[in-house]
Amino acid sequence: MARMAGRRALLAAPVLLAVTFGVFAIAALSPFDPVKAYAGTAGLTASQAELDQLRANLGVDQALVPRWWDWLGSAVTGDLGTSSVMRRPVADVIGERLGWSALLAACAFAVAVLAGTVLGVLAARRQGGPLDRLVSSLAYTLEAAPAFWLGLLAIWFFSVRLGALPSGGLTDAGSDTVTFGQVASHLVLPALVLGVSQLPWFFLYVRQGVADALAEDPVRGARARGLAERRVLLGHGLRSGMLPVLTLIGSRVPELITGALLVETVFSWPGIAAATVQAATSVDFPLLAALTVLATAAVLAGNLLSDLLYGLADPRVGFDG
């Protein structure tokens, strides 16, 4: 296990380097001027000399390779630069938002995995039955539904129509303190929406995996020996059927990040994804570069996690093979 993780870490280094270089290459080719975005309305009346001085202060007057190399050298020491839109160090911006994004992603992933597993097992037990047809139809419908549309629909129904849950933010309007109760109530809708947007894939994988496992000879033999249906379903069908789901966990990380980008924006959740939108719309390349690297690292870590889980669940899979 340690050897495989070490190999993955060595392979991740050139990938992250290529991603950071790609971000700065796109910045160099972009028609947007980060200096004008930073200056705002003041840039309309500023002289060319003042704009050039600001360009030098921001370090955007350098060529592509020197600018990327300087940023990389600073990033290795923990200095990710200064966010031009938030006027704060990038490390501070990420540090105060990363926990909220992790909380949202963890709750959403738990909703998707648990609900998808339970519904998948129940549907596989009675394939072609009413529950199977109903949930499968909903799953295929949700696959095509954008996360932002689900978010707007949830706000309209639960917040506007029912008034049961807050429509966005982290705390109640006018509150200057963050309490557990307020965070929990504001977390419900975005976590459910993000979790429901990921649920169809887990449901379909579990349903197919458990259905295939229940049709295998060992399961038929267990039933012939008179084992209880619950033991057959949970001990044989679910254990074998869950193996493909472990590989799905890593592949869903990019979709989870994309979905979080939309959900955090719709619900005004103060996470990393919302900062990514601000960085992109404000041409804040130091912040955008750091967030892109963070997202890439999350994808690589998700793929490694899925391989480790699969290897632990199935001893036949070698970690060093």
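See the structure printed just above.
Residues numbered from 1 in each chain as written. Predicted model: local features only at pLDDT ≥ 70, side-chain atom pairs only at ≥ 80, totals over all residues. Heavy atoms only, no water.

Novice: Describe a nonpolar patch on the surface, naming the residues involved and giving the relevant values.
Specialist: A surface patch of nonpolar side chains, about 960 Å² in accessible area, is lined by Phe-148, Trp-149, Leu-152, Leu-153, Trp-156, Phe-157, Phe-158, Val-160, Leu-162 and Leu-262. Considering each element in turn, the nonpolar patch owes the most residues, eight residues, to helix H7 (residues 147-161). Residue position: Leu-153 is located in helix H7. The class of Leu-153 is partly exposed, set by a relative accessible area of 39%. (Patch = residues over 30% accessible without salt bridge, like charges linked within 9 Å, V, L, I, M, F, W, Y side chains within 5 Å. Areas by Shrake-Rupley, 256 points an atom, 1.4 Å probe, with all protein chains shown as cover. Salt bridge = Lys/Arg side-chain N within 4 Å of Asp/Glu carboxyl O. Helix = DSSP H or I, 4+ residues; strand = E, 2+ residues; numbered from the N terminus. Buried < 20%, exposed > 50% of the residue type's maximum accessible area, 1.4 Å probe, protein only.)

Novice: Go over unusual backbone geometry with me, naming the residues and quoting the values.
Specialist: The phi torsion at Ser-268 lies on the positive side, around 55°, for a residue other than glycine. Summarising the element assignment, Ser-268 is placed in the loop between helix H12 (253-266) and helix H13 (272-281).

Novice: Lay out the nonpolar core in plain terms, naming residues and giving numbers.
Specialist: Counting residues in each nonpolar core, the largest one holds 36 residues, and the members touching the most others are Leu-194, Phe-202 and Val-210. Among the elements of the structure, helix H5 (90-125), H7, helix H8 (180-214), helix H11 (243-251) and H12 are those that each provide at least two residues to this core. Ranked by the residues each element gives to this core, the list is headed by H8, at eleven residues. Counting 22 residues, the second-largest nonpolar core is a separate cluster that includes Ile-94, Ala-279, Leu-287 and Leu-291. (Core = buried A, V, L, I, M, F, W, Y, C linked by side-chain atoms within 4.5 Å.)

Novice: Before we move on, can you summarise the packing of aromatic side chains with the specific residues and values?
Specialist: Applying the stated criterion across every chain yields a total of six aromatic pairs. On the basis of an interplanar angle of 85° and a centroid distance of 5.2 Å, the ring pair of Phe-21 and Trp-68 is categorised as edge-to-face. Highlighted residues: Phe-21 in helix H1 (residues 2-29) and Trp-68 in helix H4 (residues 64-76), separated in sequence by 47 residues. With 5.0 Å between their ring centres and 90° between their planes, Phe-157 and Phe-158 make a pair best called edge-to-face. Among the aromatic residues, ring-to-ring pairing joins Phe-21, Trp-68 and Trp-69 into one connected group. (Phe/Tyr/Trp six-rings, centres within 6.5 Å; stacked < 30°, edge-to-face > 60°.)

Novice: So what about the pattern of salt bridges? Which residues, and what values?
Specialist: Throughout the structure, instances matching the rule amount to two salt bridges. With a shortest N-O distance of 2.8 Å, Arg-88 and Glu-96 are connected by a salt bridge. A salt bridge links Asp-132 to Arg-207; its shortest N-O distance comes to 2.7 Å. With a gap of 75 residues between them, Asp-132 in helix H6 (residues 130-143) and Arg-207 in helix H8 connect regions that are remote in the sequence. Take Asp-132 and Arg-207: they sit in the same class, and that class is buried.

Novice: I'd like a rundown of the side chain of Ser-101, residues and numbers included.
Specialist: Locating Ser-101 in the fold gives a position in helix H5. Classification of Ser-101 by relative accessible area gives buried; the value is 13%. Among the polar contacts listed, one links the side chain of Ser-101 to the backbone nitrogen of Ile-272, at a separation of 2.5 Å. Ignoring any residue separated from it by four or fewer positions in sequence, one finds Ser-101 in contact with Glu-264, Trp-269, Gly-271, Ile-272 and Ala-273. (Polar contact = N/O pair within 3.5 Å; in protein donor to acceptor, adjacent residues only side chain to side chain. Contact = heavy atoms within 4.5 Å.)

Novice: For the packing of H12 against H13, give the residues involved together with the corresponding values.
Specialist: H13 packs onto H12 with a crossing angle of 85° between their chain directions and a minimal axis gap of 7 Å. With respect to their mutual orientation, H12 and H13 come out roughly perpendicular. Together, Ala-260, Leu-261, Glu-264 and Thr-265 of H12 and Ile-272, Ala-273, Ala-274, Thr-276 and Val-277 of H13 make up the contact between the two elements. Here the contact of H12 with H13 is built from residues that sort into six nonpolar, two polar and one charged. (Axes fitted to C-alpha atoms, helices over the stretch in contact; angles between N-to-C directions. Parallel < 35°, antiparallel > 145°, perpendicular 65-115°, else oblique. Nonpolar A, V, L, I, M, F, W, Y, C, P; charged D, E, K, R; others polar.)

Novice: Outline the packing of H6 against H8, listing residues and values.
Specialist: Across the interface, H6 lies against H8 with an axial gap of 8 Å and an inter-helix angle of 135°. Accordingly, the angle class assigned to the pair H6 and H8 is oblique. In this structure, the crossing between H6 and H8 has a hand that is left-handed. Here H6 contributes Asp-132, Val-135, Ser-136, Ala-139, Tyr-140, Leu-142 and Glu-143 to the contact with H8, which in turn contributes Val-196, Pro-200, Trp-201, Phe-203, Leu-204 and Arg-207. Across the contact of H6 with H8, the residue classes break down as nine nonpolar, one polar and three charged. (Left-handed = near helix turned anticlockwise from the far one by under 90°.)

Novice: Give me the side chain of Arg-207: which residues, what numbers.
Specialist: A residue is classified by how much of its surface remains accessible, and Arg-207, at 16% relative accessible area, is buried. Within polar-contact distance, the side chain of Arg-207 engages the side chain of Asp-132 at 2.7 Å. If we skip the residues at most four places from it in the chain, Arg-207 touches Gly-120, Ala-123, Ala-124, Gln-127, Asp-132 and Ser-136.

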